[in-house]
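# Structural description and commentary
Listed here are the chains, written in short residue letters.
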Amino acid sequence: MSIRHGLLALLERGPRYGSQLRAEFESRTGSTWPLNVGQVYTTLSRLERDGMVAQGGEDAAGHTLYTITDSGRAELRTWFENPVDRTSPARDELAIKLAMAVGAPGVDIRDVIQSQRRHTVKAMQDYTRLKAQALAAVESSSARERDDVAWLLVLEQLIFQTEAEARWLDHCESRLIRLSATAANAPAAPVARPGTEEAAPAARPAAPAPDAPPVAGAR
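Everything quoted here is computed from the prediction, not taken from an experiment. (Residues numbered from 1 in each chain as written. Predicted model: local features only at pLDDT ≥ 70, side-chain atom pairs only at ≥ 80, totals over all residues. Heavy atoms only, no water.)

## Some details on the side chain of R16
- Summarising the element assignment, R16 is placed in the loop between α1 (3-11) and α2 (18-29).
- The class for R16 is buried, based on a relative accessible area of 10%.
- A polar side-chain atom of R16 sits 3.2 Å from the main-chain carbonyl oxygen of G14. (Helix = DSSP H or I, 4+ residues; strand = E, 2+ residues; numbered from the N terminus. Buried < 20%, exposed > 50% of the residue type's maximum accessible area, 1.4 Å probe, protein only. Polar contact = N/O pair within 3.5 Å; in protein donor to acceptor, adjacent residues only side chain to side chain.)

Encoded structure:
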């Protein structure tokens with residue numbers, strides 16, 4: 001998630017101060033990704049350093065206002081016009097957890113999967129309930145408040161994401177079952193007998209050649 005671009009998008013609507021930006025960001029996203037004021041001002045300082053925002057005086061209450069610059073608008077346009085890069089995906093805690101659970105002593109990975117599935121299904125149900133409320137708010141408002149529409153889109157993304165996660169967990173469990181069945185049906189490796197170095201069968205003595213001369217002393 002790009003906080004800097006989110007703040008630039010809000011500043012394009014007009015001058016804002018830090019706490020105002022935080023409140024509007026959380027309103028637009030339904031507090032899905034909460035920010036603290038420190039994050040906001042740290043990001044504003046970096047944007048100011050990079051020439052994308054500038055301080056534009058104070059409001060009546062003495063809050064320092066920030067405005068977007070031409071450089072900031074160009075950066076924002078580039079962000080909107082280009083797809084989000086998926087070649088370096090963000091770390092996913094669940095994927096890392098399952099990867100580390102494979103073969104971990106004292107851990108049954110199927111229990112980990114089942115526990116996560118219950119949580120994922122509950123989250124999906126919660127998001128679906130919130131979506132119904134958000135959709136009702138959007139449909140009942142003739143003004144189509146952009147914050148309501150934005151929150152609806154975020155909720156639908158979360159629903160799709162949890163649905164995909166639930167399917168992936170089902171796939172992981174099926175994969176483990178198939179691998180366990182394959183391992184159970186694999187032929188057992190030969191067991192070495194005591195006092196031998198390997199489990200190779202005893203070699204037969206070579207037969208003499210048909211025209212070999214008689215062995216001395218034989219009758």
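## Description of the packing of α1 against helix α4 (residues 70-81)
- Following both chains from N to C, one finds α1 and α4 inclined at 115 degrees, their axes separated by 10 Å at the closest point. Regarding α1 and α4, the two cross each other, and that crossing is left-handed. Seen from α1, the contacting residues are H5, G6, L8 and A9; seen from α4, they are G72, E75, L76, W79 and F80.
- Counted by class, the contact of α1 with α4 contains five nonpolar, three polar and one charged residues. (Axes fitted to C-alpha atoms, helices over the stretch in contact; angles between N-to-C directions. Left-handed = near helix turned anticlockwise from the far one by under 90°. Contact = heavy atoms within 4.5 Å. Nonpolar A, V, L, I, M, F, W, Y, C, P; charged D, E, K, R; others polar.)

## Some remarks on the side chain of T162
- Its location among the elements puts T162 in helix α7 (residues 146-185).
- What makes T162 buried here is its relative accessible area of 9%.
- Once residues lying within four places of it in the same chain are set aside, the contact partners of T162 are T120, A123, M124 and Y127.

## Quick look at the nonpolar core
- One finds L7, L8, L11, L21, V40, L44 and V53 to be the most contacted residues of the largest nonpolar core, which totals 16 residues.
- Listing elements by their share of this core, those giving two or more residues are α1, α2, α3 (37-49) and β2 (64-68).
- Here the element with the most residues in this core is α1; it accounts for five residues.
- In this structure L21 touches L7, L10, L11, R16, V40 and L44, once residues within four positions along its chain are discounted. (Core = buried A, V, L, I, M, F, W, Y, C linked by side-chain atoms within 4.5 Å.)

## Some points on the packing of aromatic side chains
- If you walk through the whole model with that rule in mind, you get one aromatic pair.
- When the centroid spacing of 5.3 Å and the interplanar angle of 40 degrees are considered together, the rings of W79 and F80 count as tilted. (Phe/Tyr/Trp six-rings, centres within 6.5 Å; stacked < 30°, edge-to-face > 60°.)

## Re helix α5 (residues 93-101)
- When α5 is considered as a whole, its buried residues turn out to be L94, L98 and A101. Seen along its axis, α5 keeps its buried residues to an arc of 65 degrees; they face one direction. Opposite the buried face of α5, at more than 90 degrees from it, the exposed residues are E93 and M100.
- Backbone geometry just after α5 places G103 at a positive phi near 75 degrees. (Arc of directions from axis to C-beta.)

## Brief notes about helix α6 (residues 109-140)
- Between its first and last C-alpha atoms α6 spans 46 Å; for 32 residues at 1.5 Å apiece the expected length is 46 Å, and the two agree.
- Burial in α6 covers these residues: I109, I113, Q116, R117, T120, A123, M124, A134 and V138.
- The residue sitting at the N-terminus of α6 and contributing the capping side-chain oxygen is D108; that oxygen lies 3.0 Å from the backbone nitrogen of R110. (Expected span 1.5 Å × (residues − 1).)

## Comments concerning the confidence of the model for the protein
- Overall, the prediction assigns the protein a mean pLDDT of 85, with 82% of residues at 70 or greater.
- Confidence over residues 202-219 falls short of pLDDT 50; this stretch has zero contacts with residues more than four positions distant or in other chains. (pLDDT = per-residue confidence, 0-100.)

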